[in-house]
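Per-entry structural report
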Amino acid sequence: MNDLKATIFDIQRNSYVDGPGIRTTVFFKGCNLNCAWCHNPESQSKKPQLMFYRNKCKSCGKCAEVCPHNLEKCELCAKCALYCPNHAREMCGREYTVDEIFEIIIKDKRFYDASGGGVTFSGGECMLQIDFLVEILKRCHENRIPIAVDTAGHVPYSYFERILPYANLLLYDIKCHDSEMHVKYTGADNGTILKNLEKLLLTDTPIWVRIPIVSGVNDSEDEMRRIKGFLESRKMPQKIELLPYHAMGEHKYSALSRELTKFSAPCEEQMRKFKEIFNISEV
């Protein structure tokens, strides 16, 4: 199993999100949902991609000079990104071994221990590279590094059975309770997602349910009450996080030559009402 590799598009050390304490978050490339508001569109394809930020380009011509094909076709050799003096070109995604990822994670163990933090495996959808994920989870578990797995849950439940012995926390997304809305905005039905969550809530693994709030999509009190009703009729998770939409990833769409669908965040009054529905106290 030592020759296992996973395609990763980012590793963020010193993070204060995606779980408690100081964390290292490992972002796996590839996702089986296509959320219209995704703020990491580079996470959706499992393949490495070349991103071109036109606003950074100074037309110096260095990229064409080093490209074996003078930019007429791309073989993802990454030379243009390596030699671009303005970082206008960037390769997104490369393969890592379990050893390579673990060497990065273990560097900050003293910070995890001091802050109650750990490592979070995210995406994209990290569960799609399940064999690799299980192996890196085992390695972290053996070295007493707390583990969180961030997932949208659109995978076979057998995948969860493989990671539950090692995961200390699940960060579980619910985009919409309404199935038609879910299909419209993510490209997939939410039946498997909700069934998996129902089973997971019966386990002893702590779960934080995370709900992105997007204006014009799921920003209604009815939708929030449906989600709460679903949870209350099973077993409430340890924590519920409401995440208002943000536009910080919009520039990535043009870098990928993809069309952007504009969304907006809910107003403060809406967020206050939604927090009341879920009994989330203001901090």
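We now turn to the structure provided with this report. What you are looking at is a predicted structure, and each value in this text was computed from that prediction instead of being measured. (Residues numbered from 1 in each chain as written. Predicted model: local features only at pLDDT ≥ 70, side-chain atom pairs only at ≥ 80, totals over all residues. Heavy atoms only, no water.)

1. Focus on the overall build of the protein chain
For the protein chain, the count of helices and strands is 11 helices and 10 strands. Relative to a compact globule of 283 residues, whose C-alpha radius of gyration would be 19 Å, the protein chain shows 20 Å and is just as compact. The dimensions of the protein chain, computed from C-alpha atoms along their principal axes, are 60 × 45 × 35 Å. Put simply, the protein chain has 283 residues, and 49% of those count as buried. In the protein chain, the share of contacts with a sequence separation of at least 24, taken over all contacts with a separation of at least 6, comes to 71%. Per element, the accessible surface of the protein chain, about 14,300 Å² overall, is 48% carbon and sulfur. (Helix = DSSP H or I, 4+ residues; strand = E, 2+ residues; numbered from the N terminus. Rg over C-alpha atoms; globule rule 2.2 N^0.38 Å. Buried < 20%, exposed > 50% of the residue type's maximum accessible area, 1.4 Å probe, protein only. Contact = heavy atoms within 4.5 Å. Areas by Shrake-Rupley, 256 points an atom, 1.4 Å probe, with all protein chains shown as cover.)

2. Looking at the pattern of salt bridges
Within the structure shown, the criterion is met by 21 salt bridges. Put simply, lysine 109 and aspartate 113 hold a salt bridge, and the shortest N to O gap is 3.0 Å. Taken together, the positions of lysine 109 and aspartate 113, both in helix α4 (residues 109-115) and 4 residues apart, correspond to about one turn of that helix. Among the residues examined, lysine 109 registers a relative accessible area of 22% and is labelled partly exposed. By relative accessible area, aspartate 113 is classed as partly exposed at 48%. (Salt bridge = Lys/Arg side-chain N within 4 Å of Asp/Glu carboxyl O.)

3. Here's the deal with the packing of aromatic side chains
Using the criterion set out here, one finds 9 aromatic pairs in the structure. Look at phenylalanine 28 and phenylalanine 132: their rings are 6.0 Å apart centre to centre, the planes differ by 70 degrees, and that puts the pair in the edge-to-face class. Taken together, the positions of phenylalanine 28 in strand β2 (residues 23-28) and phenylalanine 132 in helix α5 (residues 130-142) put the pair 104 residues apart, joining distant regions of the chain. By the burial criterion, phenylalanine 28 is buried, and phenylalanine 132 matches it. Grouped by ring-pair contacts, the aromatic residues Trp37, Tyr185, Tyr245 and Phe263 constitute a single cluster. Here arginine 89 stacks its cationic end above the ring of phenylalanine 52, 4.4 Å away from the centre of that ring. For lysine 239, the ring lying beneath its charged end belongs to tryptophan 208, and the centroid distance is 4.2 Å. (Phe/Tyr/Trp six-rings, centres within 6.5 Å; stacked < 30°, edge-to-face > 60°. Lys NZ or Arg CZ within 6 Å of the ring centre and 35° of its normal.)

4. Things to note about the side chain of glutamine 49
By secondary structure assignment, the location of glutamine 49 is in strand β3 (residues 49-52). Within polar-contact distance, the side chain of glutamine 49 engages the side chain of lysine 29 at 2.6 Å. When neighbours within four sequence positions are excluded, glutamine 49 is seen to be in contact with Lys29, Glu42, Leu76, Glu90, Met91, Cys92 and Leu256. (Polar contact = N/O pair within 3.5 Å; in protein donor to acceptor, adjacent residues only side chain to side chain.)

5. Some details on the layout of surface pockets
In this model, the largest pocket occupies a volume close to 1,000 Å³. In terms of lining residues, the largest pocket is bounded by 43 residues, among which Phe27, His39, Asn40, Gly123 and His246 are the most central. Of all the elements in the fold, those that place two or more residues in the lining of the largest pocket are β1 (5-15), β4 (89-92), β7 (147-151), β9 (207-213), β10 (239-244) and α10 (251-255). Of the residues that constitute the lining of the largest pocket, the class distribution is 20 nonpolar, 13 polar and 10 charged. (1 Å grid on protein atoms, 1.4 Å probe; cavity = no way out; pocket = protein on both sides within 12 Å on 5 of 7 lines; lining within 4 Å. Points joined across faces, edges and corners; volume = space filled by probe spheres on them. Nonpolar A, V, L, I, M, F, W, Y, C, P; charged D, E, K, R; others polar.)

6. Focus: the packing of helix α9 (residues 221-232) against helix α11 (residues 268-277)
Relative to each other, α9 and α11 sit at 25 degrees, their axes nearing to 10 Å. Taken together, α9 and α11 sit at an angle that is classed as roughly parallel. The handedness of the crossing between α9 and α11 is right-handed. Seen from α9, the contacting residues are Glu221, Met224, Arg225 and Lys228; seen from α11, they are Lys273, Phe274 and Ile277. (Axes fitted to C-alpha atoms, helices over the stretch in contact; angles between N-to-C directions. Parallel < 35°, antiparallel > 145°, perpendicular 65-115°, else oblique. Left-handed = near helix turned anticlockwise from the far one by under 90°.)

7. Focus on the state of the cysteines
On inspection of all chains with the given rule, the structure shows 0 disulfides. Of all cysteine sulfurs, the one in cysteine 57 lies closest to cysteine 63, which takes part in no disulfide; the gap is 6.2 Å. Under the relative-accessibility criterion, cysteine 63 is labelled buried at 15%. In this model cysteine 80 remains outside any disulfide bridge; the closest cysteine sulfur is found in cysteine 74, 6.1 Å from its own. (Disulfide = S-S within 2.5 Å.)

8. Digging into the side chain of aspartate 219
Position of aspartate 219 relative to the elements: it lies in the loop between β9 and α9. Although aspartate 219 is buried, it forms no salt bridge, and the closest oppositely charged side chain is arginine 226 at an N-O distance of 11 Å. For aspartate 219, the side chain forms a polar contact with the main-chain nitrogen of glycine 216, separated by 3.0 Å. Side chain to side chain, aspartate 219 and glutamine 270 meet in a polar contact 3.3 Å long. Setting aside chain neighbours within four positions, we find aspartate 219 in contact with Ile213, Val214, Gln270 and Phe274. (Lys, Arg positive; Asp, Glu negative; His and termini not counted.)

9. Observations regarding the pairing of strand β6 (residues 118-122)
Taken residue by residue, a regular strand's side chains alternate between the two faces of the sheet. A large share of β6 lies buried, amounting to 5 of its 5 residues. Bridge count for β2 against β6 is 5 bridges, and the pairing is parallel. Each residue of the ladder has a partner; that of valine 26, found in β6, is phenylalanine 121. Judged from the 3 bridges that link them, β6 and β7 form a sheet pairing that is parallel. When the sheet's bridge partners are listed, valine 119 is paired in β7 with isoleucine 147. With α5 bridging β6 and the parallel β7, this β-α-β connection has right-handed handedness. (Pairing = 2+ DSSP bridges. Right-handed = clockwise from strand over helix to strand, strands pointing away.)

Everything listed here is a matter of geometry and, on its own, says nothing about what the molecule does.
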